[in-house]
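Chain by chain, the residues run as shown.
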Amino acid sequence: MLTLVEIRSLPRTAAFFDLDKTVIAKSSTLTFSKPFYQGGLINRRAVLRTAYAQFVFLAGGADHDQMERMREYLSALCKGWNVSQVKEIVAETLHDLIDPIIYDEAASLIEDHHTAGRDVVIVSTSGAEVVEPIGELLGADRVVATRMAVGTDGCFTGEVEYYAYGPTKAEAVKALAESEGYDLSRCYAYSDSITDVPMLSSVGHPYAVNPDRALRREAIARDWPILVFSRPVRLKRRLPALSMPARPALVAAAAVGAAAATAGLVWYASRRRTTAPV
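Residues numbered from 1 in each chain as written. Predicted model: local features only at pLDDT ≥ 70, side-chain atom pairs only at ≥ 80, totals over all residues. Heavy atoms only, no water.

> Looking at this structure, I do not really get the pairing of strand β5 (residues 188-191). What am I missing?
Where a strand is regular, its side chains alternate between the two sheet faces. Here β5 shows a buried face lined by Tyr188 and Tyr190 and a second buried face lined by Ala189 and Ser191. Alignment of β5 against strand β6 (residues 205-209), held across four bridges, turns out to be parallel. From the neighbouring strand, Tyr188 faces β6, where its bridge partner is His205. (Buried < 20%, exposed > 50% of the residue type's maximum accessible area, 1.4 Å probe, protein only. Helix = DSSP H or I, 4+ residues; strand = E, 2+ residues; numbered from the N terminus. Pairing = 2+ DSSP bridges.)

> Explain helix α6 (residues 83-97) to me, please; I cannot follow it from the model alone.
Think of an α-helix as 3.6 residues a turn; residues three or four steps apart then line up on the same face. For α6, spanning 15 residues, the distance from its first C-alpha to its last is 19 Å, which sits close to the expected 21 Å at 1.5 Å a residue. The axis of α6 is deflected most strongly, by about 35 degrees, at Ala91. Every buried residue of α6 is accounted for by Val83, Val86, Ile89, Val90, Thr93 and Leu94. If you follow the buried residues of α6, they end up packed against α3 (33-38), α8 (128-138), β3 (142-150) and β4 (156-162). The backbone nitrogen of Ser84 lies 3.0 Å from a side-chain oxygen of the residue at the head of α6, namely Asn82. (Expected span 1.5 Å × (residues − 1). Bend = angle between axes of the 7 residues up to and from the residue. Contact = heavy atoms within 4.5 Å. Polar contact = N/O pair within 3.5 Å; in protein donor to acceptor, adjacent residues only side chain to side chain.)

> Could you clarify how one ought to interpret the packing of aromatic side chains in this entry?
In total, this model carries eight aromatic pairs according to the counting rule given. In this structure an aromatic cluster arises from ring pairing among Phe17, Tyr188, Tyr190 and Tyr207. (Phe/Tyr/Trp six-rings, centres within 6.5 Å; stacked < 30°, edge-to-face > 60°.)

Take a look at the structure:
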């Protein structure tokens, strides 16, 4: 049994979660296509195209080429969108659209990691305007997400400031470890996609969750545990602690490597926990 002094002397640890098909059952960005249409941001053709993209994503995941095409499409699609309107739409529809598709198994893991004293970090390719509110809903401590450039008029320019994808996810994880004092050999990571192998490889405890075919093969070859999440459930029905009103969030441009500092890619939630790491 560790003493309190020994527990406090242990290195800090974290659990890094991909978002889409790992924590939630769909693509976080594509899920908001209907309210974006109702808000006048996209037309009916775009709704149908995003519905098809969602189908392809759910059917078998997305490889590198598909992710690049999706990035280019979404970047062009959101050009000219008013950022404040996007945030307002996401805030108004978040609980209706995202709460029902959170995996029960993922919510339990998040709770377990917090109980063990680990930070929870959501690392997603989706845009920060979507991911940050979801991270707050889940009680995450930090969020790493893609950042779109915003013009002086408060609208997206269509340019990508920071793309949280593939190797850049791993770079962000390592930079966070350096700035926050995480011992990566004792950290955890979860993802469904072969594109996240760099992030999974950067921690001591990688897990493939609902893996695509390529990641399943990789996980088997590397002897990584494979988890199957299949039970979406509303947080209010199973986690009273996480269904309470969201805690105040602190948005900060943290010094997490040069690219991160430039893009301001990390969102910090102000959390106070009294549990000790184990």
